Amino acid sequence: MELQSALESRRSVRRFLDEPVPRTDLEQMVKAASWAPTGCNRQMWKFIILDKSDDIHWFGQFSGMGWVAKAPALVLFVLDPETEYWREDGSAAVQNFMLAARALGYGTCWVQGQIVPHEAAIKKQFVIPPTWRVLAVVPVGKPEKWPDPPVKKSLSDVMSYERF
Ligand SMILES: Cc1cc2nc3c(=O)[nH]c(=O)nc-3n(C[C@H](O)[C@H](O)[C@H](O)COP(=O)(O)O)c2cc1C
């Protein structure tokens, strides 16, 4: 799939078919994530793949995370905040990951707001070092259907030449 097509057709998907995601596909997505730029090329990140039902269902205990627990696979984006740009590094990786997933025909969703209150529990459950941070969890799977495009601001609203 062309990059522009992946950019324009990616959607946040929150309902998935009950079909496993082959590990080779997950590894291809993580490879794309790991090609993202990082401040000073530190690459202080870890991408934890969860594709066993017990691990995924564990998320279902938290309110608002029931739909996450129904995805066939999840990827945790975990970073060492000792690097100044860990949020930016992680965000670039999440975006690369989601575009690679789209190109392979998978839906994803950047889940961050919903994990913030549960970060300590997630770190304990998946044996993440105490000083590291969980930036986001991204569910992956074939979509039940591709959602309609969200309303996006027009180019003239968000772009200008020379001055603000
Ligand atoms: C930093 C960030 C945090 C997000 N956190 C959540 C979240 O906790 N739960 C959720 O369902 N979607 C979350 N989203 C997805 C957004 O709601 C979604 O990207 C937005 O509505 C636009 O839709 P689109 O992704 O289909 O273009 C998050 C997106 C970003 C970039």
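Whatever comes next refers back to the structure up there.
Residues numbered from 1 in each chain as written. Predicted model: local features only at pLDDT ≥ 70, side-chain atom pairs only at ≥ 80, totals over all residues. Heavy atoms only, no water.

(A) Spatial organisation of the overall build of the protein. Across its full length, the protein carries six helices and four strands. For the protein, the α and β elements follow one another from N to C terminus as α-α-β-α-β-α-β-α-β-α. Against the globule reference of 15 Å for 164 residues, the protein gives a C-alpha radius of gyration of 16 Å, in line with a compact fold. The proportion of buried residues among the 164 residues of the protein is 43%. For the protein, restricting intrachain contacts to residue pairs at least 6 apart in sequence, the fraction spanning at least 24 positions comes to 76%. With the model as given, the accessible surface of the protein reaches about 9900 Å², and the carbon-plus-sulfur share is 54%. Charge separation in the protein, taken as the distance between the mean sites of 20 positive and 19 negative side-chain charges, equals 3 Å. (Helix = DSSP H or I, 4+ residues; strand = E, 2+ residues; numbered from the N terminus. Rg over C-alpha atoms; globule rule 2.2 N^0.38 Å. Buried < 20%, exposed > 50% of the residue type's maximum accessible area, 1.4 Å probe, protein only. Contact = heavy atoms within 4.5 Å. Areas by Shrake-Rupley, 256 points an atom, 1.4 Å probe, with all protein chains shown as cover. Lys, Arg positive; Asp, Glu negative; His and termini not counted. Charge placed at Lys NZ, Arg CZ, Asp CG, Glu CD.)

(B) Representation of the site of the ligand. In the region of the ligand, 13 residues are neighbours, and Arg10, Ser12, Arg14, Trp110 and Gln114 sit closest. Between an oxygen atom of the ligand and a side-chain N or O atom of Ser12, the distance comes to 2.6 Å. Between the ligand and the protein, one listed contact pairs a nitrogen atom with a backbone N or O atom of Trp110 at 2.8 Å. In the complex, 63% of the free accessible area of the ligand, which totals 630 Å², lies under the protein chains. When grouped by side-chain class, the residues that make up the shell around the ligand number five nonpolar, four polar and four charged. (Near = heavy atom within 4 Å. Polar contact = N/O pair within 3.5 Å; in protein donor to acceptor, adjacent residues only side chain to side chain. Nonpolar A, V, L, I, M, F, W, Y, C, P; charged D, E, K, R; others polar.)

(C) Geometry of a nonpolar patch on the surface. A surface patch of nonpolar side chains, amounting to about 480 Å² of accessible area, comprises Leu155, Val158, Met159 and Tyr161. Taking relative accessible area as the criterion, Val158 reaches 54% and is therefore assigned exposed. (Patch = residues over 30% accessible without salt bridge, like charges linked within 9 Å, V, L, I, M, F, W, Y side chains within 5 Å. Salt bridge = Lys/Arg side-chain N within 4 Å of Asp/Glu carboxyl O.)

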